[in-house]
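The residues making up each chain are set out below.
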Amino acid sequence: KNKAGEEIKIFPDFVRRAIVKADDQLLHYIVEQQSPTHFQIYLDSPDFDKTKVAITNSLHQLWAVYDIPPPTYQFEQGLPPLGTNKLRRLRRLKF
């Protein structure tokens, strides 16, 4: 919801674009939306800390466009085990 209390839906492509444009050193990423207000973000980047800050800033800019309070983020270095499943860069977990 935005600050006026209106339900706002953000398309995954907007999140994807904000992440990809944040840092050109980013090699791979996976984002899991664990709740409406929390994202788990896995990063593969040679400079994890710089990429983490750049992505946080880029996502904050995205939320500001729609007047949405920013969610919380938890960053992990490296990608989770993928197994034989198709690579999905953005996943919304059931909540």
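Residues numbered from 1 in each chain as written. Predicted model: local features only at pLDDT ≥ 70, side-chain atom pairs only at ≥ 80, totals over all residues. Heavy atoms only, no water.

1. Notes on the overall build of the chain
At step 1: Across its full length, the chain holds two helices and four strands.
At step 2: Helices (α) and strands (β) of the chain occur, in sequence order from the N terminus, as α-β-β-α-β-β.
At step 3: For 95 residues, the compact-globule estimate of 2.2 N^0.38 gives 12 Å, and the C-alpha radius of gyration of the chain, at 13 Å, lies within 12% of that figure.
At step 4: Projecting the C-alpha coordinates of the chain onto the three principal axes gives extents of approximately 40 × 30 × 20 Å.
At step 5: For the chain, the proportion of its 95 residues judged to be buried stands at 35%.
At step 6: Within the chain, contacts between residues at least 6 apart in sequence are counted, and of these 65% link residues at least 24 apart. (Helix = DSSP H or I, 4+ residues; strand = E, 2+ residues; numbered from the N terminus. Rg over C-alpha atoms; globule rule 2.2 N^0.38 Å. Buried < 20%, exposed > 50% of the residue type's maximum accessible area, 1.4 Å probe, protein only. Contact = heavy atoms within 4.5 Å.)

2. A look at the confidence of the model for the chain
At step 1: Looking at the chain as a whole, the pLDDT averages 91, with 98% of positions reaching at least 70.
At step 2: Across the chain, the element-wise mean pLDDT spans from 83 in strand β4 (residues 90-92) up to 97 in helix α2 (residues 48-65). (pLDDT = per-residue confidence, 0-100.)

3. Quick notes on the pattern of salt bridges
At step 1: All chains considered together, the criterion is met by four salt bridges.
At step 2: Linking R16 and D13 is a salt bridge whose minimum nitrogen-to-oxygen distance equals 2.1 Å. Of the two residues, R16 and D13 both sit in helix α1 (residues 12-22), three residues apart, roughly one turn of that helix.
At step 3: On the basis of relative accessibility, which here comes to 44%, the residue D13 falls in the partly exposed class.
At step 4: Put simply, E32 and R91 hold a salt bridge, and the shortest N to O gap is 3.2 Å. Taken together, the residues E32 in strand β1 (residues 28-35) and R91 in strand β4 connect sequence positions 59 residues apart.
At step 5: Assessed through its relative accessible area of 11%, E32 is described here as buried.
At step 6: For R91, a relative accessible area of 29% puts it in the partly exposed group. (Salt bridge = Lys/Arg side-chain N within 4 Å of Asp/Glu carboxyl O.)

4. Let's talk about the nonpolar core
At step 1: Counting residues in hydrophobic clusters, the biggest one holds 17 residues, and the most contacted among them are I19, I41, L43, L59 and W63.
At step 2: Counting only elements with at least two residues in this core, the list comes to α1, β1, β2 (38-44), α2 and β3 (72-77).
At step 3: Here this core takes five residues from α2, the largest share from any one element.
At step 4: In contact with W63, other than residues within four places in its own chain, are I10, V15, F39, I68, P70, P71 and Y73. (Core = buried A, V, L, I, M, F, W, Y, C linked by side-chain atoms within 4.5 Å.)

5. So, the pairing of β3
At step 1: Examined bridge by bridge, β2 and β3 share six bridges and lie parallel to one another. Residue pairing for β3: H38 is matched across the bridge by T72.
At step 2: Since β2 and β3 lie parallel, the crossover through α2 that links them has a hand, and here it is right-handed. (Pairing = 2+ DSSP bridges. Right-handed = clockwise from strand over helix to strand, strands pointing away.)

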